[in-house]
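# Close look at the chain arrangement
Now for the letters of each chain:
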Amino acid sequence: MVNGNPIIEGFIEAIKLIVTLDPQVVEITLRSLYVSLSATFVATLIALPVGALIYFYEFRGKHAVVSTLQTLYALPTVIVGLLMFLLLSNIGPLGFLRLLYTPKGMIIAQTVLIVPLLMGLTVSALSGIDRDKRYTITALGANRFQTVATIIMEARFAVMSAVLLGFGRAIAEVGSVMIVGGNIRGATRVLTTAIALNTSMANYSMSIALGIILLAVALGVNITLSLVQRR
Amino acid sequence: MKTDAAILSAGAVLILLILAIFAGCTGAAPEENETPYATTTTPIAGVNVLRVATTTSLENTGLLAELERVYEDKTGVDLQFIAQGTGQSLDTARRGDVDLVLVHAPALEEEFVNDGYGINPRCIAYNYFIIVGPESDPAGIANMSPVEAFREIYAAGTNNTPGVVFVSRGDNPGTHAQEKALWAEAGYDYEEEILDSGPWYVEAGKGMGDTLILANEKNAYTLSDEGTYLSFKDQLALVPIIAEGAKLLNRYSAIAVNPEKHPDVNAEEATNFINWLISDEGKELIGDFGKAEFGKPLFVPLYAPDCTEPPFNCTCAEPVATA
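What counts and what doesn't
- Residues numbered from 1 in each chain as written.
- Chains lettered and ligands numbered in written order.
- Predicted model: local features only at pLDDT ≥ 70, side-chain atom pairs only at ≥ 80, totals over all residues.
- Heavy atoms only, no water.
- Disulfide = S-S within 2.5 Å.
- Helix = DSSP H or I, 4+ residues; strand = E, 2+ residues; numbered from the N terminus.
- Buried < 20%, exposed > 50% of the residue type's maximum accessible area, 1.4 Å probe, protein only.
- Salt bridge = Lys/Arg side-chain N within 4 Å of Asp/Glu carboxyl O.
- Phe/Tyr/Trp six-rings, centres within 6.5 Å; stacked < 30°, edge-to-face > 60°.
- Contact = heavy atoms within 4.5 Å.
- Expected span 1.5 Å × (residues − 1).
- Arc of directions from axis to C-beta.
- Domains from an automatic or database assignment.
- Buried area = accessible area lost by both parts, 1.4 Å probe.
- Polar contact = N/O pair within 3.5 Å; in protein donor to acceptor, adjacent residues only side chain to side chain.

Working definition: the covalent bond between the sulfur atoms of two cysteines is a disulfide. All names here are of chain B. Applying the stated criterion to the full structure yields 2 disulfides over all chains. Note that C123 is cross-linked by a disulfide to C314, the S-S spacing being 2.0 Å. Here the S-S torsion is close to 85°, and the disulfide linking C123 with C314 is therefore right-handed. Of the two residues, C123 sits in strand β4 (residues 118–133) while C314 sits in the segment after β10 (300–301), which places them 191 residues apart along the sequence. For C123, a relative accessible area of 1% translates into the label buried.

This part takes up the pattern of salt bridges. Residues and elements named next belong to chain B. Applying the stated criterion to the full structure yields 13 salt bridges over all chains. Close ionic contact of E66 with R69 constitutes a salt bridge, the shortest N to O distance being 3.1 Å. You can see E66 and its partner R69 sitting in helix α3 (residues 63–75), 3 residues apart, about one turn around the helix. You can call E66 partly exposed: its relative accessible area is 26%. R69 sits in the partly exposed class, given a relative accessible area of 44%. With a closest N to O distance of 2.8 Å, E226 and K296 form a salt bridge. Taken as a pair, E226 in helix α10 (residues 226–232) and K296 in the loop between α13 (291–294) and β10 lie far apart in primary sequence, 70 residues in all. Owing to a relative accessible area of 11%, E226 belongs among the buried residues under this scheme. By sharing partners, the salt bridges in this structure join R94, E111 and D115 into a single network.

Residues and elements named next belong to chain B. Under the criterion given, the structure shown has 18 aromatic pairs over all chains. Note on Y71 and F273: the rings are 4.8 Å apart at their centroids and 70° apart in plane angle, and the pair reads as edge-to-face. Placement of Y71 in helix α3 and of F273 in helix α11 (residues 267–277) is noted, with a sequence separation of 202 residues between them. When its relative accessible area of 2% is taken as the criterion, Y71 is described as buried. Ring geometry for Y190 against Y201: centres 6.2 Å apart, planes inclined by 75°, an arrangement best described as edge-to-face. Residue Y190 is found in helix α8 (residues 190–194), and its partner Y201 is found in strand β6 (residues 201–203); the two are separated by 11 residues along the sequence.

With that settled, the discussion passes to the environment of F56 of chain A. Residues and elements named next belong to chain A. Checked against the element boundaries, F56 lands in helix α2 (residues 23–56). Each C-alpha atom of the pair F56 and V123 lies 9.0 Å from the other, and the pair is 67 residues apart in sequence. Sequence-distant contacts of F56, defined by excluding residues within four places in its chain, comprise L126, R134, R144, V148, I151 and I152.

A few words on helix α8 (residues 156–172) of chain A. Residues and elements named next belong to chain A. Between its terminal C-alpha atoms α8 stretches 24 Å, which fits the 24 Å expected from 17 residues at 1.5 Å a residue. Among the residues making up α8, those that are buried are V159, M160, A162, V163, G166, F167, A170 and I171. Axial view of α8: buried residues confined to an arc of 160°, hence all on one face.

In this section: the domain arrangement of chain B. Residue and element names in this part refer to chain B. With domains assigned, chain B is organised as domain 1 (49–127 + 251–308) and domain 2 (128–248). Computed from C-alpha atoms alone, the centre-to-centre distance between domain 1 and domain 2 is 26 Å. Of the roughly 1300 Å² buried between domain 1 and domain 2, counting both surfaces, carbon and sulfur atoms make up 59%. Sorting the residues of domain 1 by area buried against domain 2 places N60, H104 and N127 first, and these three jointly supply 35% of that buried surface. Along the contact surface separating domain 1 from domain 2 lie 1 salt bridge. Viewed at the interface, domain 2 and domain 1 are joined by 3 residue pairs in polar contact (both at pLDDT 80 or more).

This is the structure:
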């Protein structure tokens, strides 16, 4: 049977792996960052403009759209994984792209996963700006475009939180990257799938170590982004 | 897989920077946001990639990592293993999402080849399935034949004999197929009489390693391949109760995906890899794997003419003709 406490061993192991810059851990960590940051980036590009459009334009069914987005916050990662798997598989409609079991496929899956979250939170962020402020801006003689730009500027902190939340959801999820990526060593293995694999191989301390690294990475990204923002 | 940490890190840093800059000016108009995403590098270039769908039992023993290391150093081919159950691996191959399968369920393999999806099957190695369980052996099956043992476990389990629990993989891999075959041989209808027949029968729905851990926690019987059991032995209080016997033979084969069904598979490298696996070099590597660590090899390579005779009845020596 196992000796020692895997949690304590995990901490020691984590420190060892980080200090020695274990090449495999470094590679998995960088891939996690690459995939989830790319997904967050692409999702932000899509969600911010569309979210702003939804907020600024009145149209029929707007409430329904917002409610749908909010429902999709709870989109299960395995369902996204399954859908993307069926779409990207060789015999699926997008099979010709050969994206299944590649990091690009994983980026697409995570993007799909977090776009609703980012879009919905963008709408909320903009809604959070005082209506009086909007009138004031208009009263000061701003044209339509300037009004939009100023309101988005005002909402930037809330929008940033949305982006960080989206990144958090992306880097922490295991369901879709496992199905779409296939957890291939050296190609599509990321921190979360590596944790799942090591747990199934009873390497608990390695799993704990990777978990600590995952949290540290999330912390690092948060600090970096908030530093830039405070500039 | 050759790792390209530099490109990966460059990609990650680039995106982080873009994201940071972008975050700093969320007020910018949307049309300024069109930073060309295409400039970011992807970590895998279009090198010669060979994708292999395989079983969790091979991955969990660590054999795949060893094969990958040696073969990649030798050929420069980027070997990528996707570990799934045998059932799922064959399905992945039918879809053309991989170039090759490395699996262990002879009946399913035959179907795969007969349906025209698989070509050039070669058996590579074998070991035995074993029935492991708590040392106290509450169902009293020691020294029985596997089929008798299954009958005994069923009888004890359905009578609610304390301590008799059987954990099944339940995810349709080769081991699960073997288990179903044993239930059938013992005279039970799997769907009707075994599934949902009481708390004694537990379906794990996980890989072999997880199933062993679960069986260990529950102090239960389970059917495992020998290789995975040996590589997990340190973590387990379970002991092998029934080992060996032709009924418990576990044969691993490599089968290439038919390029006529899926023209974009890497048929050439699939052929090369199969030929390397059945070469003396490949077989020695498999035969030596785990010797140092576990005191005995986890897999026994198959050589001609033994492999063409019962109980194997497969092709293991003739190289696949290269196109």
